[in-house]
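A closer look at the structure
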Amino acid sequence: MTEIPDTLNPLALAGEIPFDTALRPTKLSDFGGQERINQQLALVLEAAQVREAVPEHILLSGPPGLGKTTLAMIIANEMGMPIRVTSGPAIQHSGDLAAILSSLSYGEVLFLDEIHRMSRPAEETLYLAMEDFRVDVMVGKGPGATSIPLEIPQFTLVGATTRAGLLPSPLRDRFGFTAQLDFYEVSALQQIVQRSARLLDVKIDSETAELIASRSRGTPRISNRLLRRVRDYAQVYADGSLDTSTAAKALELYEVDELGLDRLDRAVLYALCKQFSGGPVGIGTLAIAVAEEAETLEEVAEPFLIRQGFMMRTPRGRVATRLAWEHLRLTPLKDQPELLDVQPYLD
């Protein structure tokens, strides 16, 4: 796998490589912010190389944007093997998976994103392939159908999931190594912003990089996205000069506040505090109030709001905390709004 050096790949300038791909590190030593996982993964890969064996299957778990896809590509690059990329929703039949597995070469890395969304028949086919490196192909239909075992080359499955709890135990147990990615510290995101700025040929000082990192919700993908938007603002309104003042104005334009809350986050908090008196309120009712899907609130806005202490999930519904009232500069109905004894707005 060809490495992309820490100078901007000319193909990215020509638009032939998406920015996110061009900004991805290609070596474990360049993958910052997850030092413990780096050490563990490096040991797994190096031990396999010493034995001249194919690495065991690897499961990467964590919220979106933390680098699961990047790590899968790094694994293939470190082992000097090709990588095949697919996703759980794309595999709905066992035959789909069998076709992919039978076309793999020895040592190839199969990256299966959103592995928790695979169909049950495909999962059962995957069990056998992961453990015994074979698949059973059904020939014919009805009473005359027969199963023909098909040997497949040894490969490394790298599965990625944002919801590890949805994986059945037999599937989780077949992974030799599981990595749980955590949200990044601001200092780690600051280094990522500075590295991405070099690749994008953007001059940025440490203070401005820290400002962008502090509003990135602990997620490298958001850091890189905000950096590109700040760069756009600087090129259009500030003659390309990128400093803390320009960055702050750009982030204000894109409705990202000093704590990293965006328009949707604030809409959820405003609805929760003003329309529903701080809660409790069901997620479906809250979604209708902000004109979004309930699944969007649960997967995009709610995890960050809960992690930052703005919202609580209770048996009666979602509740705004004192911090939410203070951030919105609203006056709570009582001293402890998170403990309000009001009738819940149920779905």
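Below is a short write-up of the structure. Just so you know, these numbers come straight off a predicted model, no measurement behind them. (Residues numbered from 1 in each chain as written. Predicted model: local features only at pLDDT ≥ 70, side-chain atom pairs only at ≥ 80, totals over all residues. Heavy atoms only, no water.)

Moving on: the overall build of the chain. What the chain contains, in helices and strands, is 15 helices and nine strands. Within the chain, the fraction of its 347 residues that count as buried is 46%. For the chain, the accessible surface area stands at approximately 17500 Å², while carbon and sulfur atoms represent 50% of it. (Helix = DSSP H or I, 4+ residues; strand = E, 2+ residues; numbered from the N terminus. Buried < 20%, exposed > 50% of the residue type's maximum accessible area, 1.4 Å probe, protein only. Areas by Shrake-Rupley, 256 points an atom, 1.4 Å probe, with all protein chains shown as cover.)

So, about the side chain of Ser-119. Mapped onto the fold, Ser-119 is located in the loop between strand 3 (109-113) and helix 6 (120-132). Given a relative accessible area of 11%, Ser-119 falls into the buried group. When residues no more than four places from it in sequence are discounted, the contact partners of Ser-119 are Ile-91, Gln-92 and His-93. (Contact = heavy atoms within 4.5 Å.)

All right, on to the pattern of salt bridges then. Inspection of the entire model under this criterion finds 13 salt bridges. For Arg-120, the salt bridge is made with Glu-123, and the minimal N-O distance between the two is 3.1 Å. Here Glu-123 and Arg-120 lie together in helix 6, a separation of three residues that amounts to about one turn. For Arg-120, a relative accessible area of 52% corresponds to the exposed category. Of the charged contacts, one joins Arg-266 and Asp-257 as a salt bridge, the two residues approaching to 3.6 Å between their closest N and O atoms. Here the two residues Arg-266 and Asp-257 agree in accessibility, since each one is buried. Members of the salt-bridge network, linked through shared partners, are Glu-298, Glu-302, Arg-313 and Arg-318. (Salt bridge = Lys/Arg side-chain N within 4 Å of Asp/Glu carboxyl O.)

The next subject is the environment of Ala-289. With respect to the helices and strands, Ala-289 occurs in helix 13 (residues 283-289). Distance in space between the C-alpha atoms of Ala-289 and Phe-276 is 9.8 Å, their sequence separation being 13 residues. Ignoring sequence-local partners within four residues, the contact set of Ala-289 consists of Ala-271, Gln-275 and Phe-276.

A few words on unusual backbone geometry. For Glu-52, which is not a glycine, the phi torsion comes out positive at approximately 55 degrees. Counting through the fold element by element, Glu-52 comes out in the loop between helix 3 (35-51) and strand 1 (58-61). Glu-52 sits in the exposed class, given a relative accessible area of 70%.

Attention now goes to the pairing of strand 9 (residues 317-320). Two faces make up the sheet, and in a regular strand the side chains alternate between them. Inspection of the sheet shows strand 8 (residues 311-314) paired to strand 9 by four bridges, in the antiparallel sense. By the bridge assignment, Met-312 is partnered in strand 9 with Val-319. A loop of two residues connects strand 8 with strand 9, the two strands running antiparallel in sequence. (Pairing = 2+ DSSP bridges.)

Before going further, it helps to examine the environment of Pro-89. With respect to the helices, strands and loops of the structure, Pro-89 is situated in the loop between strand 2 (83-87) and helix 5 (94-102). For Pro-89, a relative accessible area of 28% gives the class partly exposed. On a C-alpha basis, the gap between Pro-89 and Ser-119 in space is 7.9 Å, while along the polypeptide they are 30 residues apart. When near neighbours in sequence (up to four residues on either side) are disregarded, Pro-89 contacts Asp-113, Glu-114 and Arg-117.

Turning next to the sheet that holds strand 1. Taking strand neighbours across the sheet as the criterion, the five strands line up as 2-3-6-1-7 in an open arrangement whose pairing is parallel. Two strands in the sheet have a free side with no partner beyond their single neighbour: strand 2 and strand 7 (177-180). Neighbour to neighbour, the strand axes of the sheet diverge by 15 degrees on average, direction disregarded. The pairing of strand 1 with strand 6 (residues 156-161) spans four bridges and is classified as parallel. Bridge pairing in strand 6 links Ser-61 to Thr-161. Contacts from helix 3 reach strand 1 and strand 7 within the one sheet, and its direction differs from that of strand 7 by about 160 degrees. (Axes fitted to C-alpha atoms, helices over the stretch in contact; angles between N-to-C directions.)

All right, on to the nonpolar core then. A general trend in soluble globular proteins is that nonpolar side chains are found buried together. Within the largest apolar cluster, 27 residues are counted, with the highest numbers of intra-cluster contacts made by Leu-41, Ile-58, Leu-71, Val-158 and Tyr-184. When contributions to this core are tallied by element, the ones reaching two or more residues are helix 3, strand 1, helix 4 (68-79), strand 3, strand 6, strand 7 and helix 8 (186-199). If one sorts the elements of this core by residue count, helix 4 sits on top with six residues. Those residues in contact with Leu-71 that sit more than four places away from it in its chain are Leu-28, Phe-31, Ile-37, Leu-41, Leu-60 and Leu-181. (Core = buried A, V, L, I, M, F, W, Y, C linked by side-chain atoms within 4.5 Å.)

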